[in-house]
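# Fold and contact review
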Amino acid sequence: MNVPEVPPGTRLLVVDDEAAILDVLATSLRFLGYEVAEATTGHDALAEVRRHAPHLVLLDVMLPDIDGFEVVSRLRQAGSQVPVIFLTARESGQDVVGGLDLGADDYITKPFRLAEVAARVRAVLRRGENGAARPLLACGDVRMNTETYEVHRAGVRVELSPTEYRLLHHLLLNRDRVLTHEQLLSHVWAFGEGDHGVLKTYISYLRRKLDALGPGLIETRRGVGYILRDRGSA
């Protein structure tokens, strides 16, 4: 049976405090073509989501500090809608319902087959690609909900003007990619030939609001343009 090709740059976060399970899962998913980050505690999982903005989280329920349910609860409170698949030894229906009610996308009980985990991951990611209410754009701990037009950083609401919002939206769509002055002017102001000073001014506005809540994310490429990237993941 042919395994579907993984889109380049698809990032997963695997969270489990059992070293053997963590290693097997991470190694297997990397073999399939995913970029995989790892965490062994709930607090580390929250930090990794902020740092790497994964496309999906495989999350053990029983963790040594805060459990997986609390991790998902905190993610949702912070505005993150990253898809989550719970991994757990628990089998009661109440646990399953409770996890799904919190906003989890799927639930796999241990012991599991690696082929099943891979299939569930593909299914959840495919739902997101098909527009199943995943309106979130992210870079580091910055989150933009394109349905509610809300922007949060580190869980704090950031108030943006319409132009600032459009500028951040285009930067998020092209995170980790240098955008030229002309590209930004064309997409944000609808003209390719214009005053670069206007763009510089709005970049300054955006930086002031975002950098007040964390490290700088917008970098200048002198004479070329700008790039949005999470330096913590470099």
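Residues numbered from 1 in each chain as written. Predicted model: local features only at pLDDT ≥ 70, side-chain atom pairs only at ≥ 80, totals over all residues. Heavy atoms only, no water.

A separate point is the sheet that holds strand β7 (residues 142-145). Read from one edge to the other, the open sheet built from four strands follows the order β6-β7-β8-β9, with strand pairing classed as antiparallel. With one partner strand each, in any of the chains shown, β6 (136-139) and β9 (156-158) form the two edges of the open sheet. Here the strands of the sheet are splayed against their neighbours by 25° on average, with no regard to which way each runs. Running at roughly 110° to β7, helix α6 (residues 162-173) makes contact with β6, β7 and β8 (150-153) of the sheet. (Pairing = 2+ DSSP bridges. Helix = DSSP H or I, 4+ residues; strand = E, 2+ residues; numbered from the N terminus. Axes fitted to C-alpha atoms, helices over the stretch in contact; angles between N-to-C directions. Contact = heavy atoms within 4.5 Å.)

A few words on unusual backbone geometry. The backbone of A154 shows a phi angle near 55°, a positive value even though the residue is not glycine. Relative to the elements of secondary structure, A154 occurs in the loop between β8 and β9.

Turning to its location among the elements, T41 is positioned in the loop between β2 (35-39) and α2 (42-52). For T41, the side chain forms a polar contact with the main-chain nitrogen of D44, separated by 3.0 Å. Apart from the residues within four sequence positions on either side, T41 is in contact with V15, L63, P64 and D65. (Polar contact = N/O pair within 3.5 Å; in protein donor to acceptor, adjacent residues only side chain to side chain.)

All quantities given are derived from atomic positions and should not be read as evidence of function.
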